[in-house]
Amino acid sequence: MTYGSFPGARPRRLRTTPAMRRMVAETRLHPSDLILPAFVREGITQPAPITAMPGVVQHTMDTLRKAAVEAVEAGVAGIMLFGVPEDEKKDGAGTAGTDPDGILQVAIRAVRQEVGDDLVVMSDLCLDEYTDHGHCGVLDADGRVDNDATLERYAEMAQVQADAGVHVVGPSGMMDGQVGVVRDALDQTGHEDVSILAYTAKYSSAFYGPFREAVGSSLQGDRKTYQQDPANARESLRELALDLEEGADMVMVKPAGPYLDILAKVAEAVDVPVAAYQISGEYAMVEAAAEKGWIDRDRAILETLTGIKRAGANMILTYWATEVARGL
């Protein structure tokens, strides 16, 4: 409708001042939306900077404890732990991943001791950090990832991580049936209260590059036979249905930014909490462009996170979690 030569509708009225924009904002970030991924490396005495991820480090046990406390103080909801073992402890079966005294299990106990239940302590349940070939599972005689043999290893990992005191396990290897096997393993060992955050739609992405440095990956080849093809969308909904049927408490889309359409589809389809992981390459791009002076770093960070939440994420794993939570 128009009156004379003027528009009858003026949406700009609701954009006039910062206070007005805040009042009518449809999407709001909160510290409790955020989860901090953190790497802890065995055998170091000082935190090791990750070259491709400025501001992110491989922690010592002491600095990990400090990071967990800082996350609590900032109001961050959770911390997702990744263990980085010494190279000589890697083998074909990833046995360091199921060693009760392995680096990840030690880290879980340390963080729980430090913050108790004030932070949701999560653990990556995957073999890639612990195998000498860098794959997310064990290999068969022909060098292919053996799905069902890998599930047996995941069941063991779930048990030792739960024994260490983790609140949530995150099976991330994209093996068929992983959620059901992990749920059974937890239930059969008295860990019915440990939740599963299923990596439901984990795509084979170029944006994982910096993460490989972060976990000291020994990957040979690629993961295209188990991670999803970026060309596929309906496949994610099939994976979603399977994960829910197998007992997932929460589901995740990874990466976040390049897959907002998938995130929106998943969020619309479920009545469980939905997470999205803003991965290393997404982080690195913003930091690199900001370092060049090409973008406003702080605005870009908030814009990417707001977009992820707007698409339907209840929880966002981001390396900026503590920094952003403090600002909010």
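Just above, that's the structure.
Predicted, not measured: the structure shown is a model, and the values here were computed from it.

Q: I'd like to hear about the environment of Ile-50, residue by residue, with values.
A: Within the secondary structure, Ile-50 is located in the loop between strand 4 (48-49) and strand 5 (57-59). For Ile-50, a relative accessible area of 3% corresponds to the buried category. Spatially, the C-alpha atoms of Ile-50 and Met-23 are 39 Å apart, while their sequence positions differ by 27 residues.

Q: Account for the packing of helix 9 (residues 280-291) against helix 10 (residues 297-310), with residues named and values stated.
A: In contact at an axis separation of 9 Å, helix 9 and helix 10 are set at 160 degrees when each is read in the N-to-C sense. By the angle between their directions, the pair helix 9 and helix 10 is classed as roughly antiparallel. The interaxial crossing formed by helix 9 with helix 10 has right-handed handedness. Touching Val-286, Glu-287 and Ala-290 of helix 9 are Arg-297, Ala-300 and Ile-301, all from helix 10. Class assignment for the residues of the contact of helix 9 with helix 10 results in four nonpolar, no polar and two charged.

Q: Hey, could you go over the nonpolar core for me, with residue numbers and the actual values?
A: Counting 91 residues, the largest nonpolar core has Ile-79, Leu-81 and Tyr-154 as the members making the most contacts within it. With sequence-adjacent residues up to four places away left out, Tyr-154 is seen in contact with Leu-125, Cys-126, Leu-127, Cys-136, Gly-173, Met-175, Gln-178 and Val-182.

Q: How would you explain the packing of aromatic side chains if you had to name every residue and give the values?
A: For the structure shown, the criterion picks out six aromatic pairs. Taking the centre distance of 4.2 Å and the plane angle of 10 degrees together, the rings of Tyr-203 and Tyr-259 count as stacked. Pair noted here: Tyr-203 is in the loop between strand 9 (195-202) and helix 6 (209-214) and Tyr-259 is in the loop between strand 10 (250-254) and helix 8 (260-269), with a separation of 56 residues, a long-range link. On the numbers, 4.7 Å between centres and 35 degrees between planes, the contact of Tyr-283 with Trp-320 is tilted. Separated by 37 residues along the polypeptide, Tyr-283 in helix 9 and Trp-320 in the loop between strand 12 (315-317) and helix 11 (321-327) bring together distant segments of the chain. For the pair formed by Tyr-283 and Trp-320, the shared burial category is buried. Joined through ring pairs, the aromatic side chains of Phe-39, Phe-82, Tyr-277, Tyr-283, Tyr-319 and Trp-320 make up one cluster. When the ring centre of Tyr-208 is taken as reference, the NZ or CZ atom of Lys-202 above it lies at 6.0 Å.

Q: Got a sec to walk through the side chain of Thr-131? Specific residues and values, please.
A: By the secondary structure assignment, Thr-131 is in the loop between strand 7 (120-125) and helix 4 (147-164). Note on Thr-131: relative accessible area 0%, which makes it buried. Within polar-contact distance, the side chain of Thr-131 engages the backbone oxygen of His-135 at 3.0 Å.

Quick notes on the rules
- Residues numbered from 1 in each chain as written.
- Predicted model: local features only at pLDDT ≥ 70, side-chain atom pairs only at ≥ 80, totals over all residues.
- Heavy atoms only, no water.
- Helix = DSSP H or I, 4+ residues; strand = E, 2+ residues; numbered from the N terminus.
- Buried < 20%, exposed > 50% of the residue type's maximum accessible area, 1.4 Å probe, protein only.
- Axes fitted to C-alpha atoms, helices over the stretch in contact; angles between N-to-C directions.
- Parallel < 35°, antiparallel > 145°, perpendicular 65-115°, else oblique.
- Left-handed = near helix turned anticlockwise from the far one by under 90°.
- Contact = heavy atoms within 4.5 Å.
- Nonpolar A, V, L, I, M, F, W, Y, C, P; charged D, E, K, R; others polar.
- Core = buried A, V, L, I, M, F, W, Y, C linked by side-chain atoms within 4.5 Å.
- Phe/Tyr/Trp six-rings, centres within 6.5 Å; stacked < 30°, edge-to-face > 60°.
- Lys NZ or Arg CZ within 6 Å of the ring centre and 35° of its normal.
- Polar contact = N/O pair within 3.5 Å; in protein donor to acceptor, adjacent residues only side chain to side chain.

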